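Below are the chains, spelled out letter by letter.
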Amino acid sequence: YPSSIQVLEQFYTPCDGSTIATSAGNVTVQNVTGVMTNTTSYADATGSVITYTPPTGTTQVIYEYQFLFSIVDNHNIGHFKAFIGGTEITNARFTQQCDNRLETIVHFKWGINIGGSTTAATGRQASWSSGKELKVQCRDYGTGDEMKLHQTYYWDGGYGSQFSQPQIGITAIGAA
C-alpha cells in the first residue's frame, strides 16, 4: 500500500535574509555577513534562529543548520545545544573539535516529532500550530580552546580568512 506520509513543505537556503513563502506565511531567515567569535558563555549561533509554523497534518519537522567551524588559537573545541520554543532539546547536545584539520563543515540535523506527550529530551511536541523558535547555541570549551563560525582558516594556499555563509532548512513531513 502506498504511504500517505509525504513531504508537505521544504526549504533550504543560505542565511542571507531571504524571505521564504510557507503555508503559514512568510519566514525570513537571518542575514549572516561575517564571522562569529565565541566566548565560554552560550550565545545563539548566527544564522540558526528561525521561527516556523508547520502545515496542518505535519507529524515531523526536520530542522537543519550548516556552518563552517574553524580554529582561533591552539585547539578549537565548541559545545553546541539546540532549542525549540525556548526549551533545550537535551539529547541534541554535541561537542565539535577539528584538532589537526583546523576547520570543518558541520551539518546539524534534528527531527522533531509531533503528537503524543511533549518531551524536552527529544524535542517532541504534543502539538504545533503556531510559530516556534528553533535555534542552536554554542560556546567555547575554554579560553585556550577557542573557535569561530563562518570563516576559513586557510585559503588559496596560505592563511586567509574567507567568509563562509551558513545555511538553514526545514522539512515538514506528514499526511496530505
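At His150, a position not held by glycine, the phi torsion is positive, near 75°. For His150, a relative accessible area of 0% translates into the label buried. Unusually for a residue other than glycine, Asp156 sits at a positive phi of about 50°. Checked against the element boundaries, Asp156 lands in the loop between strand S13 (154–155) and strand S14 (158–159). Residue class for Asp156 comes out exposed when judged on its relative accessible area of 70%.

So, on to the nonpolar core. Ranked by internal contacts, the top residues of the largest apolar core, which has 34 residues, are Tyr52, Tyr63, Leu134 and Leu149. Among the secondary structure elements, those contributing two or more residues to this core are strand S6 (50–52), strand S7 (58–71), strand S8 (77–84), strand S9 (87–97), strand S10 (103–113), strand S11 (132–140), strand S12 (147–149) and strand S15 (167–175). For this core, the element with the most residues is S7, which contributes five residues.

This structure, assessed with the given rule, holds one cavity of 30 Å³ or more. Empty space within the largest cavity amounts to approximately 30 Å³. Lining the largest cavity are Tyr63, Ala82, Phe83, Ile89, Phe108, Trp110, Ile112, Leu134 and Lys135. If one sorts the elements of the lining of the largest cavity by residue count, S10 sits on top with three residues. For the lining of the largest cavity, the class distribution of residues is eight nonpolar, no polar and one charged.

A few words now on the pattern of salt bridges. Pairing of side chains with opposite charge becomes possible as their charged atoms draw close. Scanning the entire structure with this criterion turns up three salt bridges. Where Arg93 meets Glu88, a salt bridge forms, and the shortest distance between an N and an O atom there is 2.6 Å. The class of Arg93 is exposed, set by a relative accessible area of 53%. For Glu133, the salt bridge is made with Lys135, and the minimal N-O distance between the two is 3.8 Å. Judged by its relative accessible area of 31%, Glu133 falls in the partly exposed class. Exposure remark for Lys135: the relative accessible area of 13% places this residue in the buried category. Because the salt bridges share partners, they merge into one network encompassing Asp44, Glu133 and Lys135.

Basis of the calculations
- Residues numbered from 1 in each chain as written.
- Predicted model: local features only at pLDDT ≥ 70, side-chain atom pairs only at ≥ 80, totals over all residues.
- Heavy atoms only, no water.
- Buried < 20%, exposed > 50% of the residue type's maximum accessible area, 1.4 Å probe, protein only.
- Helix = DSSP H or I, 4+ residues; strand = E, 2+ residues; numbered from the N terminus.
- Core = buried A, V, L, I, M, F, W, Y, C linked by side-chain atoms within 4.5 Å.
- 1 Å grid on protein atoms, 1.4 Å probe; cavity = no way out; pocket = protein on both sides within 12 Å on 5 of 7 lines; lining within 4 Å.
- Points joined across faces, edges and corners; volume = space filled by probe spheres on them.
- Nonpolar A, V, L, I, M, F, W, Y, C, P; charged D, E, K, R; others polar.
- Salt bridge = Lys/Arg side-chain N within 4 Å of Asp/Glu carboxyl O.

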